[in-house]
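# Structure at a glance
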Amino acid sequence: MRDFQLFARLFSAVIVLIVCVNNTIAVAQDQAAIANSVQQWPQWRGANLDNTSTESNLPVEFSKDKNMVWRFELPGPGGASPIVWNDTVFVTSVVDEKSIWLHCVGKDGVEIWRKQLQGTNQASRDGGNSASPSPSTDGKHVWAMSTAGFIECFDYDGNLVWSVDLQERYGEFKIQFGMTSTAILDEGKLYLQLIHGEMRDKDSTSVGTIVALEAATGKQIWRHDRATEATFENKHSYASPIVIHTGNSSLLVTHGGDYVMGHSLDDGTELWRCGGLNSKDNYNPTLRFVASPMFAAGELIVPSAKNGPVISLDIEKLSGDVTESQEAFNWRLEKGTPDVATPVIANGMVFLARESGVMMCLDAESGEEVYSERLFADRHRSTPVVAGDHLYLAGRDGTVLVLATDRKGTVLARNELGEETLASPAISNGKIYVRTMNALYCFGK
């Protein structure tokens, strides 16, 4: 009898142990699944530099009174978009109209620390300032750049790791509205395009500089001079580069000086170039580029400026000068480019948020117009972002539209914040982060 009772107790203990182990494994698996499902937004345009997220559990309607998780009052304005790692948000702003600051904000909307960046603010036209380039992070460090010409690295405690004076290293910036191009972080390297030049020297052409830096140290890996025939204001580019990884190759794409170009990641040498964005027969001396290229599904969408053309290039057919190569082009739209906002690709369509407040949607394969609708009455600046089947578009007046990524341009919600905004939203871990000139918002269900 005692043996039976002992056996029964041991059997019960084993069953309890098995249940506990299984529960522990299940919890660990659930936590791992949750961790793996978190999509970081480590730099402008997101982790894949395509302004898209696969997250779908996001609010469609939100305001200061609805689905707002928190609101952080910023001490000054800026156009830099927020970046997110887990629940930590970084953004830059200009304080007291002179100094430039990097802010680290926690998951409760409370500022953890702020650090002043080197250099002083340079006010620009149309509400712009030196807090225009967006920061980037790898979850351990954060890199911040301003139009003052410094790029700096901080750890997550706010300690300065290194600082580089780009103008001291690469020459004085000669650009009309400041070096607003955002540095791109990829596999431990920072890629910068510094495309500028003396505008008043009408006889000289564009010789920009592109560089790769070690993200850990700020040391130069390589430097490449990027030459084109562009003159006058077209020597200036406010666009940002992108890094493209395909099944066959990896490359850096720069945009400015009348051309879009592909470069080797190893040494920056030119692999290909494409012009035709500014007609040589009817040359526009003020067609500087602001909107950046976008890549998805083997297709490189390249905007120009001031209602000029948009082109689609086949990334696998680019070598040498492809300006006159019909094989390299998927299609060409003669007029309708965004002037500031970067194109976005979703559901087989290309979305072009034009400066006039009109959203133009094209078929990604053919380039044919699907629809064109006026959404805003004000001059538009922000690049749209896509999450699942929804497109989020922040208007300058603080209206954040949510559109279905369908072929009708269906407006699902019109969310009014009542604060001017130039920045692009960020999406991470079921939250939408919107930066206005006044505050940083976090919205979620």
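Below is a short write-up of the structure.

Cut-offs applied
Residues numbered from 1 in each chain as written. Predicted model: local features only at pLDDT ≥ 70, side-chain atom pairs only at ≥ 80, totals over all residues. Heavy atoms only, no water. Helix = DSSP H or I, 4+ residues; strand = E, 2+ residues; numbered from the N terminus. Rg over C-alpha atoms; globule rule 2.2 N^0.38 Å. Contact = heavy atoms within 4.5 Å. Areas by Shrake-Rupley, 256 points an atom, 1.4 Å probe, with all protein chains shown as cover. Lys, Arg positive; Asp, Glu negative; His and termini not counted. Charge placed at Lys NZ, Arg CZ, Asp CG, Glu CD. Phe/Tyr/Trp six-rings, centres within 6.5 Å; stacked < 30°, edge-to-face > 60°. Buried < 20%, exposed > 50% of the residue type's maximum accessible area, 1.4 Å probe, protein only. Lys NZ or Arg CZ within 6 Å of the ring centre and 35° of its normal. Pairing = 2+ DSSP bridges. Axes fitted to C-alpha atoms, helices over the stretch in contact; angles between N-to-C directions. Core = buried A, V, L, I, M, F, W, Y, C linked by side-chain atoms within 4.5 Å. Salt bridge = Lys/Arg side-chain N within 4 Å of Asp/Glu carboxyl O.

## Notes on the overall build of the protein chain
Looking only at helices and strands, the protein chain has two helices and 34 strands in total. On C-alpha atoms alone, the protein chain measures out to a radius of gyration of 24 Å, which is about the 22 Å that the 2.2 N^0.38 rule sets for 445 residues. Counting contacts in the protein chain only where the partners sit at least 6 residues apart, residues at least 24 apart contribute 56% of the total. As presented, the protein chain carries roughly 18800 Å² of accessible surface, and 48% of it is formed by carbon and sulfur atoms. For the protein chain, the distance from the average site of its 39 positive side-chain charges to the average site of its 55 negative ones is 4 Å.

## Examining the packing of aromatic side chains
Counted under the stated rule, the structure contains eight aromatic pairs. Where Trp113 meets Phe154, the ring centres are 6.3 Å apart and the plane angle is 40 degrees; that geometry is what we call tilted. Here Trp113 is found in strand β6 (residues 111–120), whereas its partner Phe154 is found in strand β9 (residues 150–155), with 41 residues between them in sequence. Across this residue pair, the class does not change: Trp113 and Phe154 are buried. Ring plane angle 5 degrees and centroid distance 5.5 Å describe the contact between Tyr441 and Phe443, whose orientation is recorded as stacked. Ring pairing ties together the aromatic residues Phe90, Trp113, Phe154 and Tyr156, which thus form one cluster. Directly above the ring of Tyr259 sits Arg273, whose terminal nitrogen or CZ lies 4.9 Å from the centroid.

## Let's talk about the sheet that holds strand β3 (residues 83–85)
Taken in spatial order, the four strands make up an open sheet running β3-β4-β5-β6, and their pairing is antiparallel. The sheet is open, and its two borders are formed by β3 and β6, each paired with just one other strand. On average, adjacent strands in this sheet sit at an angle of 25 degrees to one another, irrespective of strand direction. Of the pairings in the sheet, the one linking strand β5 (residues 99–105) to β6 comprises seven bridges and is antiparallel in character. Bridge assignment links Trp101 to a residue of β6, and that residue is Gln116.

## Some remarks on the nonpolar core
The nonpolar side chains of a soluble globular protein tend to be buried with one another. Ile244, Val253, Trp272, Leu300 and Leu313 are the most contacted members of the largest nonpolar core, which has 30 residues in total. Residues within four places of Trp272 in sequence aside, it is in contact with Leu251, Val253, Val260, Met261, Gly262, Leu300, Leu313, Ile315, Leu318, Ser319 and Gly320. Core analysis: the next-biggest nonpolar cluster, separate from the first, contains 28 residues, Leu58, Val84, Val91 and Leu440 among them.

## Focus on the pattern of salt bridges
In this structure the tally under the stated criterion is 18 salt bridges. For Glu355, the salt bridge identified is with Arg381, shortest N-O distance 3.2 Å. Placement of Glu355 in the loop between β25 (349–353) and β26 (358–363) and of Arg381 in the loop between β27 (369–374) and β28 (385–387) is noted, with a sequence separation of 26 residues between them. Exposure remark for Glu355: the relative accessible area of 22% places this residue in the partly exposed category. On the accessibility criterion, Arg381 (14% relative accessible area) is buried. The residue Arg396 makes a salt bridge to Glu420 at a minimum N-O spacing of 2.9 Å. Of this pair, Arg396 sits in the loop between β29 (390–394) and β30 (399–404) while Glu420 sits in the loop between β31 (411–416) and β32 (426–428), and the two are 24 residues apart along the sequence. A residue is classified by how much of its surface remains accessible, and Arg396, at 10% relative accessible area, is buried. Using a relative accessible area of 33% as the deciding quantity, one classes Glu420 as partly exposed. Three or more residues joined by partner-sharing salt bridges are found here, namely Lys64, Arg71, Glu73 and Glu419.

## What to know about the sheet that holds β29
Backbone hydrogen bonds hold the strands of a sheet together, and the pairing may be parallel or antiparallel. The five strands lie next to each other as β1-β28-β29-β30-β31, forming an open sheet whose pairing is mixed. This sheet does not close on itself; its edge strands, each paired only once, are β1 (52–53) and β31. Here three bridges tie β28 to β29, and the two strands are oriented antiparallel to one another. Within β29, the residue paired with Ala387 across the bridge is His390.

## Re the environment of Ile432
The topology assignment puts Ile432 in strand β33 (residues 431–435). In this structure, the C-alpha to C-alpha distance between Ile432 and Lys445, residues 13 residues apart in sequence, is 9.9 Å. Every residue in contact with Ile432, bar those within four places of it in the chain, is listed here: Leu58, Pro59, Phe62, Tyr392, Pro425, Ala426, Tyr441, Cys442 and Phe443.

## Considerations on the environment of Glu172
For Glu172, the location among the structural elements is in the loop between α2 (166–170) and β11 (184–186). Separated by 170 residues in the primary sequence, Glu172 and Thr342 place their C-alpha atoms 27 Å from one another. The contacts of Glu172, once residues within four sequence positions are left out, are Gln167 and His196.

## A look at the environment of Asp50
Tracing the backbone shows Asp50 in the loop between α1 (2–37) and β1. By relative accessible area, Asp50 is classed as buried at 15%. Spatially, the C-alpha atoms of Asp50 and Ser146 are 22 Å apart, while their sequence positions differ by 96 residues. Setting aside anything within four residues of it in sequence, one finds Asp50 in contact with Arg45, Met294, Phe295 and Val344.

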